[in-house]
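So you can see what is in the structure, the chains are spelled out below.
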Amino acid sequence: MRITTRNARFQQWESYLGNRTKRTRAGVFLVQGVRPISLALDAGWPIDTVIHRVGALSEWANGVLDRAPRDADRVAMSEELMRELGEKDAGAPEVLLVATQRHPSLDDLELADDALVVVADRSSSPGNLGTLIRSADAFGAAAVVTTGHAADPYDPQCVRATTGSLFGIPVVQAESAEAVLAWRDRRESRLTVVGLDERGDRDLFDADLRSGTVLVVGNETRGMSRAWPDGCDVIARIPIGGSASSLSAPSAGTVALYEASRQRLGR
């Protein structure tokens, strides 16, 4: 198939860039960028459509076409339209993917007894959520869970911010803190719930993060929702200096993930 005008199919894909409802209803999302596309294919992620620029393509782009599932549609698109879908002011991307959304549940997670699970509580920024997913993947977390009315992990900003880590770590969307705590209580092996808060009762490096842990990172401006403090076993603070009053949510999450990794490596 070849698309050179803003036809109905193009407009449908374009709507997925900014309309969460349409993305969710269709059950797909756009993947932009060399690394995210490569890692999606490496992970065997289900692909609905491969869209490529009309004309000669690089060795990498031809490789994407070769590696993509045979049942995925292949669409050649004009450079101008590719630039719009790629959200680039200059230079049209060679390839984009329309990938299928995955919605695992908490009970679908297969976790070791000492697993580290990160909760992003009501994260409102897709970019911040993507950064936290990237950090969770980098520091050995087993899963990321979003709770409440949180940013969409399949928002293009989030997907880009993960730089492909979205395809390497399960991301679960849970309804509430209560749902996560009920899941924790159902498990045979207990997970310690550690919340991050600047008013915590101990410094982060005094919290034991070596055993199974649920690490809760609150909203960017309001912190953890009310249900979390009562459900946390530990509320820890990150000691900081200088003129900063606090760390951003993804920065705090990254610091805590590094500390968990450091403790688990025995350093």
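Model, not experiment: these values are computed from the prediction.

1. Thoughts on the side chain of Asp155
Thinking step 1. Here Asp155 shows up in the loop between strand S7 (143-147) and helix H7 (156-162).
Thinking step 2. Its relative accessible area of 13% is what places Asp155 among the buried residues.
Thinking step 3. Residues in contact with Asp155, not counting those within four places in the same chain, are Arg23 and Pro126.

2. Remarks on the nonpolar core
Thinking step 1. Phe29, Val50, Leu97, Val118 and Leu257 are the most contacted members of the largest nonpolar core, which totals 48 residues.
Thinking step 2. When we break this core down by domain, the ones giving at least three residues each are domain 1 (2-100) and domain 2 (106-265).
Thinking step 3. Other than its neighbours up to four places away in sequence, Leu257 contacts Leu116, Val118, Leu132, Ser135, Ala136, Phe139, Ala141 and Leu215.
Thinking step 4. If you look at the next biggest cluster of nonpolar residues, it comprises 21 residues, including Leu106, Leu109, Ala115 and Leu181.

3. Here's the deal with the sheet that holds strand S9 (residues 192-196)
Neighbouring strands of a sheet are bound in pairs by backbone hydrogen bonds; such pairs are parallel or else antiparallel.
Thinking step 1. Taken in spatial order, the 7 strands line up as S8-S7-S6-S11-S9-S12-S10 in an open sheet, and their pairing is parallel. Unpaired on one side and paired on the other, strand S8 (171-174) and strand S10 (202-203) mark the two borders of the sheet.
Thinking step 2. Where strand S6 (residues 116-121) lies against S7, 5 bridges are found, and the strand directions are parallel. Counterpart to Val119 in the pairing with S7 is Val145.
Thinking step 3. In this fold helix H6 (residues 126-138) packs onto S6, S7, S8 and strand S11 (213-217), with an angle of close to 175° to the strand it touches most, S6.

4. Some thoughts on the domain arrangement of the protein chain
Thinking step 1. Domain annotation of the protein chain identifies domain 1 (2-100) and domain 2 (106-265).
Thinking step 2. Taken together, the 15 residues of domain 1 in the interface contact 13 residues of domain 2.
Thinking step 3. Across the domain 1 to domain 2 interface the summed buried area is about 1,200 Å²; carbon plus sulfur atoms make up 59%.
Thinking step 4. Area buried by domain 1 at its contact with domain 2 is led by Arg20, Phe29 and Trp45, which between them contribute 38% of it.
Thinking step 5. Here domain 1 is connected to domain 2 by 3 salt bridges.

5. Side note on the packing of aromatic side chains
Thinking step 1. Under the defined criterion, the tally for this structure stands at 5 aromatic pairs.
Thinking step 2. Each ring, one from Phe29 and one from Trp45, has its centre 6.3 Å from the other, and the planes form 90°; the classification is edge-to-face. Pair noted here: Phe29 is in strand S2 (residues 28-31) and Trp45 is in the loop between helix H3 (34-42) and strand S3 (47-53), with a separation of 16 residues, a long-range link. You'll find Phe29 and Trp45 in the same group, each marked buried.
Thinking step 3. Seen from their ring centres, Phe29 and Tyr154 are 4.5 Å apart, and the 40° between their planes marks the pair as tilted. Of this pair, Phe29 sits in strand S2 while Tyr154 is found in the loop between S7 and H7, placing the two residues 125 residues apart along the sequence.
Thinking step 4. Residue classification places Phe29 among the buried positions, given a relative accessible area of 0%.
Thinking step 5. Residue classification places Tyr154 among the buried residues on the basis of a relative accessible area of 3%.
Thinking step 6. Here a set of aromatic residues connected by ring pairs shows up, and it is made of Phe29, Trp45, Tyr154 and Phe167.

What counts as what
- Residues numbered from 1 in each chain as written.
- Predicted model: local features only at pLDDT ≥ 70, side-chain atom pairs only at ≥ 80, totals over all residues.
- Heavy atoms only, no water.
- Helix = DSSP H or I, 4+ residues; strand = E, 2+ residues; numbered from the N terminus.
- Buried < 20%, exposed > 50% of the residue type's maximum accessible area, 1.4 Å probe, protein only.
- Contact = heavy atoms within 4.5 Å.
- Core = buried A, V, L, I, M, F, W, Y, C linked by side-chain atoms within 4.5 Å.
- Domains from an automatic or database assignment.
- Pairing = 2+ DSSP bridges.
- Axes fitted to C-alpha atoms, helices over the stretch in contact; angles between N-to-C directions.
- Buried area = accessible area lost by both parts, 1.4 Å probe.
- Salt bridge = Lys/Arg side-chain N within 4 Å of Asp/Glu carboxyl O.
- Phe/Tyr/Trp six-rings, centres within 6.5 Å; stacked < 30°, edge-to-face > 60°.

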